[in-house]
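# Notes for the structure review
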Amino acid sequence: MNKQNKSVQQTRNLAETMSSSPGPLGDHPLVNLSLCIGCGSCVDACPEHAMGLVEGHSELIFPGKCVGHAVCRDACPVEAITITQADQSTRSDIPVLNPSKESSVPNLFIIGELAGQALIRVAINDAFKSVAELKKRNPKHVAIIGAGPGGMTAGMACKEANLTYTVLEQNEHFGGTINHYPRRKLVMTAPVELPLGEKLSKLEYRKEKLLEFWTEWTSKHNIQIQFGSKVNAIQVHEDGSFTITLEGKEPVQCDAVILALGRRGSPRKLNVPGENLEKVAYTLIDAAAFKKSKVLIVGGGDSAVEAAMALSFQEGNEVTISYRQDAFGRIKARNQERIDQYLKKGKIKVIWNSSVTEIDETSVTLSTPEGSITLKNDEVFIFAGGELPFPLLKSAGVKFGGE
Ligand SMILES: Cc1cc2nc3c(=O)[nH]c(=O)nc-3n(C[C@H](O)[C@H](O)[C@H](O)COP(=O)(O)OP(=O)(O)OC[C@H]3O[C@@H](n4cnc5c(N)ncnc54)[C@H](O)[C@@H]3O)c2cc1C
Ligand code: SF4
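Throughout, residues of each chain are indexed from 1 in the direction in which the sequence is written. Chain A is the first chain written and ligand 1 is the first ligand written, with later ones labelled in order. Only residues with pLDDT of 70 or above have their local features reported here, since the model is predicted, and side-chain atom pairs are shown and tallied only from 80 upward, although totals for entire chains, interfaces and linings are computed over all residues. For side-chain calculations, the full set of non-hydrogen atoms in the structure is used, while hydrogens and water are omitted.

### Quick word on the overall build of the protein
Filter applied, for reference: The way it works is that DSSP assigns letters per residue, a run of H or I at least four long becomes a helix, a run of E at least two long becomes a strand, and they are numbered from the N terminus. Two things to know: the radius of gyration comes from C-alpha atoms, and the globule rule equals 2.2 Å times the number of residues to the power 0.38. Burial status follows relative accessibility: with a 1.4 Å probe on protein chains alone, a residue under 20% of its type maximum counts as buried, one over 50% as exposed, and anything between as partly exposed. Every residue pair with non-hydrogen atoms within 4.5 Å of one another is taken to be in contact.
Per the secondary structure count, the protein includes nine helices and 26 strands. Here the C-alpha atoms of the protein give a radius of gyration of 23 Å, agreeing with the 22 Å that 2.2 N^0.38 yields for 403 residues. In terms of overall dimensions, the protein has C-alpha extents of about 65 × 60 × 40 Å along its principal axes. The burial tally for the protein puts 48% of its 403 residues in the buried class. A fraction of 65% describes how many contacts in the protein between residues 6 or more apart in sequence connect residues 24 or more apart.

### A word on the sheet that holds strand β15 (residues 252-254)
Inclusion rule: Strand pairing is assigned whenever DSSP identifies at least 2 bridges connecting the two strands. For helices, the fitted axis covers only the stretch in contact; all axes are lines through C-alpha atoms, and the angles between them, taken along N-to-C directions, range from 0 to 180 degrees.
What the three strands build is an open sheet, ordered β13-β14-β15; its pairing is antiparallel. A single partner strand is all that each edge strand has here, and the edge strands are β13 (231-236) and β15. Between one strand axis and the next, the sheet turns through 20° on average, direction left out of account. Relative to strand β14 (residues 242-246), β13 is paired through five bridges, and the arrangement is antiparallel. What sits directly across from V236, in β14, is F242.

### So, helix α5 (residues 149-160)
Put simply, the test is: To estimate how far a helix should extend, the number of its residues minus one is multiplied by 1.5 Å.
With twelve residues, α5 should reach 16 Å at 1.5 Å per residue; the first-to-last C-alpha distance of 16 Å fits that figure. Summarising burial for α5: ten of the twelve residues are buried, a large majority. Looking at α5, one finds that the buried residues are P149, G150, G151, M152, T153, A154, G155, M156, A157 and C158. Here the buried face of α5 lies against α4 (120-137), β6 (142-145), β7 (165-168), α6 (207-220), β12 (225-226) and β16 (256-259). Just past α5, the residue N162 takes up positive phi, approximately 60°.

### Quick word on the packing of aromatic side chains
Quick note on the threshold: Between 30 and 60 degrees the pair is tilted, below 30 it is stacked and above 60 it is edge-to-face, where a pair is any two Phe, Tyr or Trp rings, Trp via its six-membered ring, whose centres lie within 6.5 Å.
Under the counting rule described, the total for this entry stands at eight aromatic pairs. Plain terms: the ring middles of W214 and W217 are 5.0 Å apart, the flat faces sit at 85° to each other, and that makes the pair edge-to-face. Within this pair, W214 and its partner W217 are both found in helix α6, separated by three residues, close to a single helical turn. Neither W214 nor W217 differs from the other in exposure class; each is buried. Ring geometry for F328 versus W352: centroids 4.9 Å apart, planes at 65°, classification edge-to-face.

### Considering the nonpolar core
This is how the line gets drawn: Among buried residues, those of type Ala, Val, Leu, Ile, Met, Phe, Trp, Tyr and Cys that are joined through side-chain atoms within 4.5 Å constitute a nonpolar core.
Of all hydrophobic cores here, the largest spans 37 residues; its most connected members are V131, V142, I144, L200, L210, W214 and I258. For this core, the secondary-structure elements that each account for two or more residues are α4, β6, α5, β7, α6 and β16. Beyond its immediate sequence surroundings of up to four residues, L210 is in contact with I120, I178, V187, L200 and Y205. Counting 23 residues, the second-largest nonpolar core is a separate cluster that includes V105, V231, I234 and L259.

### Some remarks on the site of ligand 1
For the record, the criterion: Neighbouring residues are identified by heavy atoms, a residue being near a molecule or strand if any of them is within 4 Å of it. Pairs of N or O atoms within 3.5 Å make up the polar contacts considered here, provided that, within protein, one atom can donate a hydrogen while the other can accept it, and that residues adjacent in sequence are counted only when both atoms are side-chain atoms. Residue-level accessible areas treat just the shown protein chains as cover; the underlying method is Shrake-Rupley with a 1.4 Å probe. Polar here means any residue other than Ala, Val, Leu, Ile, Met, Phe, Trp, Tyr, Cys and Pro, which are nonpolar, and Asp, Glu, Lys and Arg, which are charged; Gly is therefore polar.
Taken together, 28 residues lie around ligand 1, and E113, E169, T177, Y181 and M188 are the ones closest in. The contact in question runs from an oxygen atom of ligand 1 to an N or O atom on the backbone of L119, over 3.2 Å. Relative to its free-state accessible area of 1,000 Å², ligand 1 is covered by the protein chains to the extent of 90%. Put simply, the parts of the chain that give the shell around ligand 1 at least two residues each are α5 and β8 (186-188). Split into classes, the residues belonging to the shell around ligand 1 amount to 13 nonpolar, eleven polar and four charged.

### Section: the state of the cysteines
Inclusion rule: Throughout, a disulfide means two cysteine sulfur atoms within 2.5 Å of one another.
Counting across every chain of the model gives zero disulfides. The cysteine C158 is free of any disulfide, with C254 supplying the nearest cysteine sulfur at 11 Å. A relative accessible area of 0% means that C158 is categorised as buried.

### Focus: the sheet that holds strand β5 (residues 108-110)
Here five strands make up an open sheet; going across it, the order is β5-β16-β6-β7-β12 and the pairing parallel. Looking at strand neighbours, the two that pair on one side only are β5 and β12, the edges of this open sheet. Examined bridge by bridge, β6 and β16 share four bridges and lie parallel to one another. Within β16, the residue paired with I145 across the bridge is L259.

### A look at unusual backbone geometry
The backbone of N107 sits at a positive phi, close to 70°, despite the residue not being glycine. When you line up the elements, N107 lands in the loop between β4 (81-87) and β5. For L196, which is not glycine, the phi dihedral falls at a positive 60°. With respect to the helices and strands, the residue L196 is situated in the loop between β9 (192-193) and β10 (199-200). Among the residues examined, L196 registers a relative accessible area of 23% and is labelled partly exposed.

### Brief notes about the packing of helix α7 (residues 302-312) against helix α8 (residues 333-344)
What counts, and what does not: Angle categories are assigned with fixed cut-offs, so that under 35 degrees is roughly parallel, over 145 is roughly antiparallel, 65 to 115 is roughly perpendicular, and the rest are oblique. The crossing is said to be left-handed when, going from far helix to near helix, the turn is anticlockwise and less than a right angle, and right-handed when the turn is clockwise.
The N-to-C vectors of α7 and α8 enclose an angle of 45°; their axes lie 10 Å apart at closest approach. Between α7 and α8, the interaxial angle falls into the category oblique. Here α7 runs over α8; the crossing is left-handed. Contacts from D302, V305, E306, M309 and S312 in α7 reach N335, R338, I339 and Y342 in α8. Considered class by class, the residues forming the contact of α7 with α8 number four nonpolar, two polar and three charged.

Shown next as structure tokens:
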């Protein structure tokens, strides 16, 4: 089959799936093989690593990983990718939900990116749908987990509906994934109404402006958020009520739950003294914001290596990687080649077989095979993996596609 015919066949397959299945639809890339030049830009751009090159052209090789960011389309230099919709009902990472966003567990709603669509507007609309249904049921207490666009909107909608609610957020700030966008990123959205008479009226906003809006609305409407509340488990009782277990805090009892956890999960912590200092971060948002700094990167995966290279490129930075193994793990071949060059040129140092034992304002202490060493330090970035949200959902009995 030539490229053109294969592309037509792909389109037909998708169209068939859409028309024959009643399942939820989600954004998916469709590659026009007659245009694709196989440059791999989309493969590199996809943050979920869902795209791959097959026989010299791009394909969605891991459909289950695709959450519809659409960055592959934007990265393609020859406009070979369009975003279309495909059936998600058999995806094992998409929970089964009814139109109000209620899961297979009664009174447990799942909204936003965790429900399958990676768009702020969708998270906002999902919040409206779930709270509209809860308003009819008038629960005594609604626990909203996550304070990204979905959870924040759900909090505002509960306030508008006069429902008693608590927003539980693991971080010390709200905004969710928006906080992880690069500095001054233009966020594409669509004019959308929010509860309590608020709205986003433009098509695009800078990241900082969007966060400013949420700050203003939260204080103006006194939205109740408990920061530093990481949810570790959700227990469903026989009477249908829930106990939400929090890390290091008293559990929360409620009779309805709105899960707005996103899909990024929770970063794994080192649990060492000083880890709560402001200079410690678990993602690198903007390498250019760090100059003339002594930086320690902890970890040996792709994210750690990419962050180290980006930071070493900035003026005056001294970058050291601490990794507990004696070689980098399963990193991409391209990253391995690049990091080898950086190490050879002395742009980055690695301390193999080491682990962080303590962090303070001006230094970090590492345990190494040669004994304990202390390095001067201004910034620490930890890339030790993370806990995905799915086990939490499965333990509560939520059913996923294909089950
Ligand atoms: C680089 C990038 C660019 C994007 N650009 C756009 C764009 O231009 N336009 C657009 O519409 N969308 C964009 N998106 C997608 C959009 O940001 C997300 O779809 C949206 O933020 C999802 O909102 P949410 O509320 O579902 O989840 P999130 O924003 O991910 O928020 C989830 C919240 O839950 C918290 N949480 C997670 N686990 C727990 C736990 N166990 N206990 C307590 N709290 C927890 C998290 O800390 C977080 O605050 C982009 C995404 C990325 C990664
Ligand atoms: S970016 Fe475009 S041309 Fe390059 S591999 Fe992807 S689809 Fe093909």
